[in-house]
Amino acid sequence: GVQTVDISVFPNGYSPNNIQVKAGSPVRLNLTPSGGLGCTSVFRMPQLGITERLSEGTTTPVEFTPQERGKLTWTCSMGMFRGVIEVI
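Residues numbered from 1 in each chain as written. Predicted model: local features only at pLDDT ≥ 70, side-chain atom pairs only at ≥ 80, totals over all residues. Heavy atoms only, no water.

**Q** Which parts of the structure should I look at to understand unusual backbone geometry?
**A** Generally, phi is negative for residues other than glycine and the peptide bonds are trans, each holding for most cases. With omega at -5 degrees, the peptide bond leading from Ser 15 into Pro 16 counts as cis. Its place among the elements puts Pro 16 in the loop between β2 (13-15) and β3 (18-21). (Helix = DSSP H or I, 4+ residues; strand = E, 2+ residues; numbered from the N terminus.)

Okay, here's the thing in structure tokens:
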């Protein structure tokens, strides 16, 4: 099945900001803004070419299937706030 992770998006970061998923299985990140948005209104995963614009009051799903073990990083539009996905 799909590995689903709910992530709260705040003006100053993400919670959780460190998650673990299994390689070869689909992943869905449910991004839910809370408390306003600044540069976190844009969610980026440069390694996978993913960029999503988030809207307050709306959960945005981001789906991908990691193929290799290692670490994937996500950031806000400015790269100030980030999170890490450990692929095992």
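**Q** Whenever I open this one, the packing of aromatic side chains confuses me. Can you help?
**A** Aromatic ring pairs: the centre-centre distance and the angle between the two ring planes describe each pair. Overall, the coordinates contain three aromatic pairs when judged by the stated rule. Relative to Trp 74, the ring of Tyr 14 lies with its centre 5.7 Å away and its plane at 90 degrees, an arrangement referred to as edge-to-face. With a gap of 60 residues between them, Tyr 14 in strand β2 and Trp 74 in strand β8 (residues 70-75) connect regions that are remote in the sequence. With relative accessibility at 0%, the residue Trp 74 sits in the buried group. A network of ring pairs unites the aromatic residues Tyr 14, Phe 43 and Trp 74 as a single cluster. (Phe/Tyr/Trp six-rings, centres within 6.5 Å; stacked < 30°, edge-to-face > 60°. Buried < 20%, exposed > 50% of the residue type's maximum accessible area, 1.4 Å probe, protein only.)

**Q** Hey, could you run me through the pairing of strand β5 (residues 42-45) in this one?
**A** A regular strand places its side chains on the two faces of the sheet in alternate fashion. Of the strand pairs in this sheet, β5 and strand β6 (residues 50-53) are connected by four bridges, and their pairing is antiparallel. Across the sheet, the residue bridging to Met 45 is Ile 50, located in β6. From the end of β5 to the start of β6, which pair antiparallel, there are four residues, and Gly 49 there has a positive phi angle of about 70 degrees. (Pairing = 2+ DSSP bridges.)

**Q** What am I meant to see in the sheet that holds strand β1 (residues 3-10) here?
**A** Note on sheets: strands pair through backbone hydrogen bonds, and any given pair is parallel or antiparallel. Taking strand neighbours across the sheet as the criterion, the four strands line up as β2-β1-β4-β7 in an open arrangement whose pairing is mixed. Strand pairing shows two members of the sheet lacking a second neighbour, β2 and β7 (60-64), which therefore form its edges. Strand-to-strand twist across the sheet, computed as the mean angle between neighbouring axes with direction ignored, equals 30 degrees. Two elements, β1 and strand β4 (residues 27-33), share seven bridges in a ladder whose sense is parallel. (Axes fitted to C-alpha atoms, helices over the stretch in contact; angles between N-to-C directions.)

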